[in-house]
Amino acid sequence: MARTTRERVKSFINNRWLVFVAAMWIQSCAGIGYLFGSISPVIKSSLNYNQKQLSRLGVAKDLGDSVGFLAGTLSEILPLWAALLVGSVQNLVGYGWVWLIVTGRAPILPLWAMCILIFVGNNGETYFNTAALVSGVQNFPKSRGPVVGILKGFAGLGGAILSQVYTMIHSSDRASLIFMVAVAPSVVVVPLMFFIRPVGGHRQIRSSDATSFTVIYAVCILLAAYLMAVMLVEDFIDLSHSIIIAFTVVLFAILLVPIFIPIATSCFTASTDPCDTLEEPLLGDQQGQDPGQSTTPDHGPELIFSEVEDEKPKEVDLLPAVERHKRIAQLQAKLMQAAAEGAVRVKRRRGPHRGEDFTLTQALVKADFWLIFFSLLLGSGSGLTVIDNLGQMTQSLGYDNTHVFVSMISIWNFLGRIGGGYFSELIVRDYAYPRPVAIAVAQLVMSVGHIFFAYGWPGAMHIGTLLIGLGYGAHWAIVPATASELFGLKKFGALYNFLTLANPAGSLVFSGLIASSIYDREAERQAQGSLFNPDDVLRCRGSICYFLTSLIMSGFCLI
């Protein structure tokens, strides 16, 4: 009995589902950047910034969230728990110092120094994202779309979760939200960081995995629906503090539900169905080799990835997975024999082929890589501009409770990531379409959302946050999965973190240059000849504030 218990504990600790659940919890604190729309008004008023200065802080935040070269490099050199610890320290120092300045506990620094602090604080997110995604795609190599979608989804939902916790704290000091942003990630990440690691997940496939993913999806949908309902109730009804505490307790209970999956698979499957564990081969991982290495002494990768692609009939891609693999294996064997006899001359191409492991340098010379990058720049860059400026957008249209729309866009962002991962997987597996088709659909949805923001129709804020949140979130489920399929898993951390640079690049163009200039110009025009307070010079009113900016972003999404 003691030996059985010990084996169950070992199975639980090394269970890929435990790593996945721990990564979900960490990711729920990795979306602190999405709260910038809630903390920016208090920074603006406390430090007397104009919109252009605030936009520069927003760009610094986006750079911090996206410049993950160091995180990607450290994830290849250090264990993932060490990378998570570095991220926690950066987040605490960066946002903690901002809180000290805003509350008057530390001297006010020049704008460039504030940008550095915001950058450092938000850069901690890149360590959380990299560690969670690297462990996820390595432990679930054949379920990358759903895994990436769920993990990125929880990062998008982090803003709504922390907003609910802030509501429960019931603080009259708006700066306390900055303090929570500084402290909360460390409180969650440090206890969980040793669970985030590759555990040979491709050898842990079980027949119950489909059910486990269904449970995770159900929890995700329940969580989003619950947060939306709670947010609307708190917005329209004046609730007592005890009821808000009860709502928050139920929220944490829902977040704890996924832990029963690794408990069940470790305690019950291990004892009742010992033969249920199969091996889920990595792409390109054959006969125990490293992904992308040769399967024959002379012609391995060229023969498998180049000749087979040239010789196989097109209808092979439309066959069911088992039959497709069987046909490709037969064709592969014939080509190997023909090559050995000299009947086929194997093509020699320098560098890896699609699906093999690329280094960052090798990927940078591929058109596919830059198409993904610029698509992200135009699509997710415009979405991030909306998220960063949501506080000012809601105020310009006459809404006071900016945190409501920040929470709403976090929820739609979450559902976009979950849905983007799920439906892009269906497109690839069931219909044999390339995964980037889903990116095109997401950008079309975002284009319509920008039009709603431009014209400021009744209900435009609600519909706009819905469409922008869904479209923006879908990008971050589809793109990492696409990159790992095209360029391999070995250097995934570096590849992913380079692609995320498209986010701040787009934000710099749309928010730092276009949106802030148009906003300040319109605010100054409205202030001329008016009897506003001096502070009101910095505030623009009406849909005109973001009309031209939103139309520009809508056009670029269509491109």
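Keep in mind it's a predicted model, so treat the numbers as computed, not measured.

## Re the overall build of the protein
At step 1: When helices and strands are tallied, the protein shows 23 helices and zero strands.
At step 2: In the protein, the share of contacts with a sequence separation of at least 24, taken over all contacts with a separation of at least 6, comes to 82%.
At step 3: Accessible surface, the protein: about 24,000 Å² in total, of which carbon and sulfur atoms supply 65%.

## Topic: the pattern of salt bridges
At step 1: This model, assessed by the stated rule, comprises two salt bridges.
At step 2: For the salt bridge of R16 with D209, the shortest nitrogen-to-oxygen distance reads 2.6 Å. Linking R16 in helix α2 (residues 16-27) with D209 in helix α10 (residues 209-236), this pair joins segments that are 193 residues apart in sequence.
At step 3: A salt bridge links R435 to E485, with the nearest nitrogen and oxygen atoms 2.4 Å apart. A residue pair is termed long-range when its members are at least 10 positions apart, and R435 in the loop between α18 (402-431) and α19 (436-455) and E485 in helix α20 (residues 460-487) qualify at 50 residues.
At step 4: Residue classification places R435 among the buried residues on the basis of a relative accessible area of 3%.

## Quick look at the packing of aromatic side chains
At step 1: Counted under the stated rule, the structure contains 23 aromatic pairs.
At step 2: Between W370 and F373 the ring centres are 5.4 Å apart and the planes differ by 70°, which places this aromatic pair in the edge-to-face class. Of this pair, W370 and F373 both sit in helix α16 (residues 367-388), three residues apart, which is roughly one turn of that helix.
At step 3: When the ring of Y519 is compared with that of Y546, the centres are 5.6 Å apart and the planes differ by 45°; the resulting orientation is tilted. Linking Y519 in helix α22 (residues 502-527) with Y546 in the loop between α22 and α23 (547-558), this pair joins segments that are 27 residues apart in sequence.
At step 4: A relative accessible area of 2% places Y519 in the buried class.
At step 5: Taken together, the ring pairs connect F358, F369, W370, F373, F374, F487 and F498 into an aromatic cluster.

## Describing the environment of N413
At step 1: Among the secondary structure elements, N413 is positioned in helix α18.
At step 2: Expressed as a C-alpha distance, the spacing of N413 and Y472, which sit 59 residues apart in the sequence, is 6.5 Å.
At step 3: When neighbours within four sequence positions are excluded, N413 is seen to be in contact with Y34, G156, G469, L470, Y472 and G473.
At step 4: Within the structure, the side chain of N413 is placed 2.8 Å from the side chain of R417, a separation counted as a polar contact.
At step 5: Within polar-contact distance, the side chain of N413 engages the backbone nitrogen of G473 at 3.5 Å.

## A word on the confidence of the model for the protein
At step 1: Per-residue pLDDT for the protein has a mean of 79; in total, 83% of the residues score no lower than 70.
At step 2: Within the protein, helix α13 (residues 300-311) has the poorest average pLDDT of any element, 47, and helix α6 (residues 80-102) the best, 93.
At step 3: Here residues 270-277 scores under 50 on pLDDT; set against residues more than four positions off or in separate chains, the count is twelve contacts.
At step 4: Per-residue pLDDT stays below 50 along residues 279-307; that stretch engages in 73 contacts with residues further than four places along the chain or on separate chains.

## A look at the side chain of S135
At step 1: Assignment of secondary structure puts S135 in helix α7 (residues 111-139).
At step 2: At 2.9 Å, the side chain of S135 forms a polar contact with the backbone oxygen of A132.
At step 3: Leave out the neighbours within four places in its chain, and S135 touches V19, L80, I196 and R197.

## Section: the nonpolar core
At step 1: Of all hydrophobic cores here, the largest spans 137 residues; its most connected members are F20, I43, L57, I150 and F487.
At step 2: Mapped onto the domain boundaries, this core takes at least three residues apiece from domain 1 (12-269) and domain 3 (362-530 + 538-558).
At step 3: Residue contacts for L57: discarding those within four places in its chain leaves F36, I43, Y49, L111, M114, C115 and I118.

## Comments concerning the environment of G96
At step 1: When you line up the elements, G96 lands in helix α6.
At step 2: Remark: the alpha-carbon pair of G96 and A182, spanning 86 residues in sequence, is separated by 5.2 Å.
At step 3: In contact with G96, other than residues within four places in its own chain, are N91 and A182.

## Overview of the side chain of N123
At step 1: Locating N123 in the fold gives a position in helix α7.
At step 2: Owing to a relative accessible area of 5%, N123 belongs among the buried residues under this scheme.

## So, a nonpolar patch on the surface
At step 1: Residues W81, L85, V89, V93, W97, L100, V190 and F194 make up a contiguous nonpolar surface patch of about 680 Å² in total accessible area.
At step 2: By residue number, the principal contributor to the nonpolar patch is α6, which donates six residues.
At step 3: Structurally, V93 can be placed in helix α6.
At step 4: When its relative accessible area of 44% is taken as the criterion, V93 is described as partly exposed.

## A short note on the packing of helix α3 (residues 36-47) against α6
At step 1: Two elements in contact, α3 and α6, have axes whose closest approach is 10 Å; the angle formed by their N-to-C orientations is 45°. With respect to α6, the axis of α3 lies oblique. For the pair α3 and α6, the sense of crossing is left-handed. Contacts between α3 and α6 pair I39, V42, I43, S46 and L47 from the former with Y95, V98, I101 and V102 from the latter.
At step 2: Considered class by class, the residues forming the contact of α3 with α6 number eight nonpolar, one polar and no charged.

## Brief notes about helix α5 (residues 69-77)
At step 1: Every buried residue of α5 is listed here: A71, G72, L74 and S75. Seen along its axis, α5 keeps its buried residues to an arc of 165°; they face one direction.
At step 2: Packed against the buried residues of α5 are α6, α7 and α21 (492-499).

## Some remarks on the packing of α10 against helix α11 (residues 241-256)
At step 1: The geometry of α10 relative to α11 is characterised by a closest axis approach of 10 Å and an angle of 170° between their N-to-C directions. Between α10 and α11, the interaxial angle falls into the category roughly antiparallel. On α11, the residues touching V219, L222, L223, Y226, L227, V230, V233 and E234 of α10 are I244, A246, F247, V250, L251, I254 and L255.
At step 2: Tallied by class, the residues present in the contact of α10 with α11 amount to 14 nonpolar, no polar and one charged.

## Things to note about α2
At step 1: Here α2 spans 16 Å end to end across twelve residues, near enough to the 16 Å set by a 1.5 Å rise per residue.
At step 2: With twelve of twelve residues buried, α2 is to be regarded as a mostly interior element.
At step 3: Among the residues making up α2, those that are buried are R16, W17, L18, V19, F20, V21, A22, A23, M24, W25, I26 and Q27.
At step 4: For α2, the capping residue at the N-terminal end is N15, with a side-chain oxygen 2.7 Å from the backbone nitrogen of W17.

## Things to note about the environment of P480
At step 1: Within the fold, P480 resides in helix α20.
At step 2: Of the residues examined, P480 reaches a relative accessible area of 1% and is grouped as buried.
At step 3: Placed 328 residues apart in sequence, P480 and K152 show a C-alpha to C-alpha distance of 9.6 Å.
At step 4: Excluding residues within four positions of it along the chain, P480 makes contact with V148, H475, F492 and Y496.

Cut-offs and rules
Residues numbered from 1 in each chain as written. Predicted model: local features only at pLDDT ≥ 70, side-chain atom pairs only at ≥ 80, totals over all residues. Heavy atoms only, no water. Helix = DSSP H or I, 4+ residues; strand = E, 2+ residues; numbered from the N terminus. Contact = heavy atoms within 4.5 Å. Areas by Shrake-Rupley, 256 points an atom, 1.4 Å probe, with all protein chains shown as cover. Salt bridge = Lys/Arg side-chain N within 4 Å of Asp/Glu carboxyl O. Buried < 20%, exposed > 50% of the residue type's maximum accessible area, 1.4 Å probe, protein only. Phe/Tyr/Trp six-rings, centres within 6.5 Å; stacked < 30°, edge-to-face > 60°. Polar contact = N/O pair within 3.5 Å; in protein donor to acceptor, adjacent residues only side chain to side chain. pLDDT = per-residue confidence, 0-100. Core = buried A, V, L, I, M, F, W, Y, C linked by side-chain atoms within 4.5 Å. Domains from an automatic or database assignment. Patch = residues over 30% accessible without salt bridge, like charges linked within 9 Å, V, L, I, M, F, W, Y side chains within 5 Å. Axes fitted to C-alpha atoms, helices over the stretch in contact; angles between N-to-C directions. Parallel < 35°, antiparallel > 145°, perpendicular 65-115°, else oblique. Left-handed = near helix turned anticlockwise from the far one by under 90°. Nonpolar A, V, L, I, M, F, W, Y, C, P; charged D, E, K, R; others polar. Arc of directions from axis to C-beta. Expected span 1.5 Å × (residues − 1).

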